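Commentary on secondary and tertiary structure
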Amino acid sequence: MNRVRKISLVGVAVLAVGALTYFGLIRQGPAQGTVMAQTAMTKMAKTDSSPATPTPVPNATTQDTAIFVPPEKQQLIGMRSVPAEMGTLTKEIRIVGKVTYDETHLTHIHSKVSGYIEEVFADSVGKPVRAGDPLFTIYSPDLLATQQDFLLALKSRDLLRNSTVASAAVGSENLIAAARERLRLWDVSDQEIQSLEAEGKVKRAIAVYSPVTGIVMERAAYHHGTFVDPTKDLFTIVDLTHVWILGEVYETDLPFIHTGQSAIVELPYSGGGRKLNGRVEFIYPFLDPKTRTVQVRMEFANPDLSLKPEMFTNITMSAALGRQVLIPQDALMDTGTEQYVFVDKGNGYVQPRKVKASADSGDKIGIQEGLKPGERVVTGANFIVDSESRLKGAFAGMGAPSQAPAGAPGTTQSISVEVLDPKTAKTGMNPIRLLVKDASGKPITGAQVDVGLFMPQMGAMAPMSSKSTLTEAGNGVYAGQIEFLMAWTWQTTVTVRKNGAVVGVAETSVTAR
């Protein structure tokens with residue numbers, strides 16, 4: 001009897017364990033089935049190859065101005081991002097210049113008396129002359145009369161030399177001194193005066209000599225018989241053994257230039273690319289209103305006369321600007337009135353941010369405000385740097401069709417959209433039919449479908465957009481009418497809502513011709 005009871009108790013225990021295991025398996029079955037279904041849906045969503053690109057709804061941490069760029073589009077347009085970094089910024093200033101004569105070594109030759117040119121010795125522009133070389137001879141009635149006065153004073157001195165009246169001899173010496181001084185003031189040389197005194201004959205034409213060594217740059221003394229007076233500039237002679245190089249600095253670079261700054265001057269047409277080391281000697285205090293440039297002056301010795309006036313030069317100067325936040329130059333978007341960078345927020349989102357740039361050093365540009373070291377900025381994105389007009393269009397449409405509208409909390413479902421009609425639209429009103437599916441490929445029914453067309457700003461033409469709400473035609477197909485304002489490939493955004501909450505957003509494009 002006891003043995004029977006033991007067997008019965010063991011049987012009951014086995015049945016109990018079996019029952020518990022059975023019910024436990026039944027309870028676990030649906031949970032595992034759900035996980036498998038979710039995994040299958042995820043795989044189907046990943047392998048979905050619909051024409052439209054699904055755009056997930058931004059979460060609460062994404063700012064309103066962020067733009068979502070799917071990974072496949074990033075790869076297509078070559079978008080990449082680099083971190084902003086601290087570094088020393090050195091601005092390289094490249095300007096053009098030209099060689100000119102030294103204004104302090106410029107001499108203008110005039111005649112001190114009125115008269116007529118007899119003979120010209122410096123008879124061509126570019127002719128070198130030395131100090132003391134004759135330039136021309138001049139016949140002057142006034143000069144001739146002064147010579148005669150000088151010779152008469154000499155004769156009077158000889159006659160009155162033995163006079164018993166002392167005042168007479170002194171008076172004759174005074175007349176000689178006065179006549180000699182008049183000749184000197186009229187640029188008659190001491191040699192000419194001594195020759196006149198020794199020969200005792202009046203010279204019809206008196207030679208005018210060069211007071212400096214240099215090159216004849218201009219001349220107005222030409223042929224025999226030309227009348228001249230003290231107002232006429234007969235010769236311009238310049239000493240080219242010392243020259244200036246004038247550089248044209250743009251107004252924007254002027255704050256980085258100072259007196260004493262070193263510079264490298266390159267002569268691009270010298271054959272071997274000759275370079276000279278110089279420094280800024282003077283900054284002119286005025287600006288050219290036509291070129292918006294300021295001239296800077298550098299001085300150079302030119303003993304071999306290889307630096308010739310009007311030669312073009314390339315001038316390079318460097319200015320150290322200290323440590324700053326640095327980004328690649330093509331990462332900065334400058335509209336003329338405002339400056340932006342696109343900050344990579346992660347997960348495919350980029351956000352435009354206003355910054356203040358300081359200066360650039362070729363491939364790098366400094367940022368004074370708006371960016372911190374380590375923040376990643378977008379560079380090399382064709383859709384951003386394509387053109388200035390497209391850039392303005394991106395700013396104008398920021399957060400419009402390119403930004404997904406906010407959905408209900410926790411909504412992460414994606415959709416796929418296929419444009420059934422039109423394959424190619426015409427300008428004006430067009431019928432439009434879309435097939436909308438969820439991530440698993442199942443047609444979405446009972447939804448509100450909104451379609452938006454967008455074209456960015458092109459030059460002076462403002463951005464354009466068009467919207468339409470479609471009605472359900474059955475089995476996930478939604479139809480309606482939408483207007484294509486002009487021939488263009490329109491960015492098309494499809495937003496699907498159910499019960500007022502966003503189910504998903506997808507982007508595609510439709511071309512109108």
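Quantities reported herein were computed from a predicted structural model and do not represent experimental measurements.

The helix and strand inventory of the protein stands at seven helices and 31 strands. Looking at the protein as a whole, 37% of its 513 residues qualify as buried. In the protein, 70% of the contacts between residues at least 6 apart in sequence involve partners at least 24 apart. Carbon and sulfur atoms make up 55% of the accessible area of the protein, which totals about 28,700 Å².

In this structure, Phe300 and Ile315 are the most contacted members of the largest nonpolar core, which totals 26 residues. Going through the elements one at a time, β4 (85-101), β13 (242-250), β14 (262-267), β17 (293-301) and β18 (312-328) are the ones with two or more residues in this core. Each residue touching Ile315, except ones within four places of it in the same chain, is listed here: Ile93, Arg94, Ile95, Gly97, Ile245, Gly247, Ala263, Ile264, Val265 and Met298. One finds Ile432, Met455, Val494 and Val496 within the second-largest nonpolar core, a separate group that totals 24 residues.

As a packed pair, helix α3 (residues 141-159) and helix α5 (residues 190-199) sit with axes 10 Å apart at the nearest point and diverge in direction by 50 degrees. Taken as axis vectors, α3 and α5 run oblique relative to one another. Considering the relative orientation of α3 and α5, their crossing is right-handed. Only Ile193, Leu196 and Glu197 of α5 make contact with α3, whose side of the interface consists of Gln147, Phe150, Leu151, Leu154 and Arg157. In terms of residue class, the contact of α3 with α5 is built from five nonpolar, one polar and two charged.

In this section: the pattern of salt bridges. A full pass over the atoms with the stated rule returns 16 salt bridges. The shortest N-O distance in the salt bridge between Glu299 and Arg297 comes to 3.7 Å. Assessed through its relative accessible area of 33%, Glu299 is described here as partly exposed. Residue classification places Arg297 among the buried residues on the basis of a relative accessible area of 15%. The partner of Arg353 in a salt bridge is Glu375, with the nearest N and O atoms 2.9 Å apart. Here Glu375 lies in the loop between β23 (364-369) and β24 (376-379) and Arg353 lies in strand β21 (residues 349-354), a separation of 22 residues in the sequence.

Turning next to the pairing of strand β15 (residues 274-279). The sheet contact formed by β14 and β15 spans six bridges and is antiparallel. Directly across from Ser262, in β15, lies its bridge partner Arg279. Following β14, the chain reverses through six residues before pairing antiparallel with β15; Gly271 in that reversal takes a positive phi of roughly 100 degrees.

By the element assignment, Ala331 lies in the loop between β18 and β19 (333-334). Accessibility expressed as a relative area gives 0% for Ala331, which makes it buried. Along the primary structure Ala331 and Val341 are separated by 10 residues, whereas in three dimensions their C-alpha atoms are 6.1 Å apart. With residues up to four places along the chain from it excluded, the contact list for Ala331 reads Tyr340, Val341, Val377, Val378 and Thr379.

Of the residues making up α5, those classed as buried are Glu192, Ile193, Ser195 and Leu196. One side of α5 carries all its buried residues, which in axial view fall inside an arc of 160 degrees. Structural note: α5 exposes Gln191, Gln194 and Ala198 on the side pointing more than 90 degrees away from its buried face. Backbone geometry just downstream of α5 places Gly200 in the positive-phi region, at approximately 75 degrees.

Okay, α3 next. For α3, which comprises 19 residues, the first-to-last C-alpha distance of 27 Å matches the rise-based estimate of 27 Å (1.5 Å per residue) to within 8%. Those residues of α3 that fall on the buried side of the exposure criterion are Leu143, Thr146, Gln147, Phe150, Leu151, Ala153 and Leu154. Taken down its axis, α3 places every buried residue within 155 degrees of arc, on the same side. For α3, the exposed residues set more than 90 degrees away from the buried face come down to Leu152, Lys155 and Leu159.

A few words now on the sheet that holds strand β6 (residues 115-120). One open sheet accounts for four strands, arranged β9-β8-β6-β11; its pairing is antiparallel. The sheet is open, and its two borders are formed by β9 (206-209) and β11 (227-228), each paired with just one other strand. Looking at chain direction, strand β8 (residues 134-139) and β9 are connected through four bridges and run antiparallel. Its bridge partner lying in β9, Thr137 is registered against Ala207.

Strand order across the open sheet formed by four strands is β5-β12-β10-β7, with antiparallel pairing between neighbours. Each edge of the open sheet carries a strand with a single partner, namely β5 (106-109) and β7 (128-129). Pairing between β5 and strand β12 (residues 235-238): four bridges, direction antiparallel. By the bridge assignment for β12, Ile109 is matched with Phe235.

Moving on, we come to the packing of aromatic side chains. This structure, assessed with the given rule, holds four aromatic pairs. Aromatic side chains Phe282 and Tyr284 sit 5.1 Å apart centroid to centroid with 80 degrees between the ring planes, which places their arrangement in the edge-to-face category. By the ring-pair criterion, three or more aromatic residues cluster together here, those being Phe282, Tyr284 and Phe286. One residue, Arg204, lies across the ring of Tyr139, its end atom 4.5 Å from the ring centre. Against the face of Trp244 rests Arg297, its NZ or CZ located 4.1 Å from the ring centre.

Conventions adopted
- Residues numbered from 1 in each chain as written.
- Predicted model: local features only at pLDDT ≥ 70, side-chain atom pairs only at ≥ 80, totals over all residues.
- Heavy atoms only, no water.
- Helix = DSSP H or I, 4+ residues; strand = E, 2+ residues; numbered from the N terminus.
- Buried < 20%, exposed > 50% of the residue type's maximum accessible area, 1.4 Å probe, protein only.
- Contact = heavy atoms within 4.5 Å.
- Areas by Shrake-Rupley, 256 points an atom, 1.4 Å probe, with all protein chains shown as cover.
- Core = buried A, V, L, I, M, F, W, Y, C linked by side-chain atoms within 4.5 Å.
- Axes fitted to C-alpha atoms, helices over the stretch in contact; angles between N-to-C directions.
- Parallel < 35°, antiparallel > 145°, perpendicular 65-115°, else oblique.
- Left-handed = near helix turned anticlockwise from the far one by under 90°.
- Nonpolar A, V, L, I, M, F, W, Y, C, P; charged D, E, K, R; others polar.
- Salt bridge = Lys/Arg side-chain N within 4 Å of Asp/Glu carboxyl O.
- Pairing = 2+ DSSP bridges.
- Arc of directions from axis to C-beta.
- Expected span 1.5 Å × (residues − 1).
- Phe/Tyr/Trp six-rings, centres within 6.5 Å; stacked < 30°, edge-to-face > 60°.
- Lys NZ or Arg CZ within 6 Å of the ring centre and 35° of its normal.

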